[in-house]
Amino acid sequence: MARIVVPVQLRWSDMDAYAHVNNVEMLRLLEEARIEVFWRHPEAPDGTAPDGARPTAVLDAGPGALTSTLVARQEIQYVRPLPYRRAPVVVELWIGHLGGASLDVCYEVRDAPSTVEGSVAFAVATTTIVLVDTATGAPRRLTADERAVWTPFVEAPVVIRRRA
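Residues numbered from 1 in each chain as written. Predicted model: local features only at pLDDT ≥ 70, side-chain atom pairs only at ≥ 80, totals over all residues. Heavy atoms only, no water.

- If you check an unreviewed UniProt entry, the protein appears there as Thioesterase from Cellulomonas phragmiteti.

Structure follows, in structure tokens:
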């Protein structure tokens, strides 16, 4: 099981009147982690990768990028309220499915990595991302390089509980 672990700092404004992270803000936490994991960070002036660059960050999202990413679908299950805390939460990401022009990014928002005994999950979620050619607006296929970089992080998708 190869998951990508991203610490994400909560903001005071994430908290709502019930003293926990608001449901909309939870989706923003997922977005922050997803951007860090998949989008290339600007290179250093000497052309090297910046410190902390993730090997999965292969999409160019800067101005004039050839590819855009569109969220086609999001699904989230809130497991328990996430109270405001100063310590970052941990967002674990993996890929539940690599398609032709899309991928399903899976998440668990936790107080500590799932490998830590007693770690608590606050939410599980899936986001379907479609890669789009910026010039044409049409979906574009995943490249062989993208597929090669992301394949080691494919595992079973998140299972969202359904009501009977």
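Here's the deal with the side chain of Arg140
Now for step 1: Position of Arg140 relative to the elements: it lies in the loop between strand S5 (121-133) and helix H2 (144-150).
Now for step 2: On the basis of relative accessible area, Arg140 is assigned to the buried category, the value being 17%.
Now for step 3: Other than its neighbours up to four places away in sequence, Arg140 contacts Leu59, Thr67, Gly100, Ala101, Leu131, Val132, Asp133 and Glu146. (Helix = DSSP H or I, 4+ residues; strand = E, 2+ residues; numbered from the N terminus. Buried < 20%, exposed > 50% of the residue type's maximum accessible area, 1.4 Å probe, protein only. Contact = heavy atoms within 4.5 Å.)

Some details on the nonpolar core
Now for step 1: Membership of the largest hydrophobic core comes to 31 residues, with the highest contact counts inside it found for Phe38, Leu82 and Leu93.
Now for step 2: Listing elements by their share of this core, those giving two or more residues are strand S1 (4-8), helix H1 (23-38), strand S3 (89-98), strand S4 (102-110) and S5.
Now for step 3: Here the element with the most residues in this core is H1; it accounts for six residues.
Now for step 4: Beyond its immediate stretch of four places on either side in the chain, Leu93 contacts Arg3, Ile4, Val6, Ala33, Arg34, Val37, Phe38, Val105, Cys106 and Tyr107.
Now for step 5: With five residues, the next largest nonpolar core counts Trp94, Cys106, Val158 and Ile160 among its residues. (Core = buried A, V, L, I, M, F, W, Y, C linked by side-chain atoms within 4.5 Å.)

Thoughts on the pattern of salt bridges
Now for step 1: In this structure the tally under the stated criterion is 12 salt bridges.
Now for step 2: Notably, a salt bridge pairs Arg140 with Glu146, separated by 2.6 Å at the nearest N-O pair.
Now for step 3: Several salt bridges converge on common partners, so that one network encompasses Arg3, Glu92, Glu108, Arg110 and Glu155. (Salt bridge = Lys/Arg side-chain N within 4 Å of Asp/Glu carboxyl O.)

Examining the environment of Arg141
Now for step 1: Relative to the assigned elements, Arg141 resides in the loop between S5 and H2.
Now for step 2: The exposed category is assigned to Arg141, whose relative accessible area is 62%.
Now for step 3: A C-alpha to C-alpha distance of 43 Å links Arg141 and Tyr18, two positions 123 residues apart in sequence.
Now for step 4: Beyond its immediate chain neighbours, meaning those up to four positions away, Arg141 contacts Gly100, Ala101 and Glu146.

Comments concerning the packing of aromatic side chains
Now for step 1: As enumerated under the stated definition, the model contains three aromatic pairs in all.
Now for step 2: Taken together, a centroid distance of 5.2 Å and an interplanar angle of 75 degrees make the contact between Trp12 and Tyr84 edge-to-face. Here Tyr84 lies in the loop between strand S2 (67-78) and S3 and Trp12 lies in the loop between S1 and H1, a separation of 72 residues in the sequence.
Now for step 3: Residue Trp12 is classed as exposed on the basis of its relative accessible area of 61%.
Now for step 4: On the basis of relative accessible area, Tyr84 is assigned to the partly exposed category, the value being 27%.
Now for step 5: One aromatic cluster is present, formed by Phe38, Trp39 and Trp150 through successive ring pairs.
Now for step 6: In this arrangement the basic side chain of Arg3 is found over the ring face of Trp94, its NZ or CZ atom lying 3.6 Å from the centre. (Phe/Tyr/Trp six-rings, centres within 6.5 Å; stacked < 30°, edge-to-face > 60°. Lys NZ or Arg CZ within 6 Å of the ring centre and 35° of its normal.)

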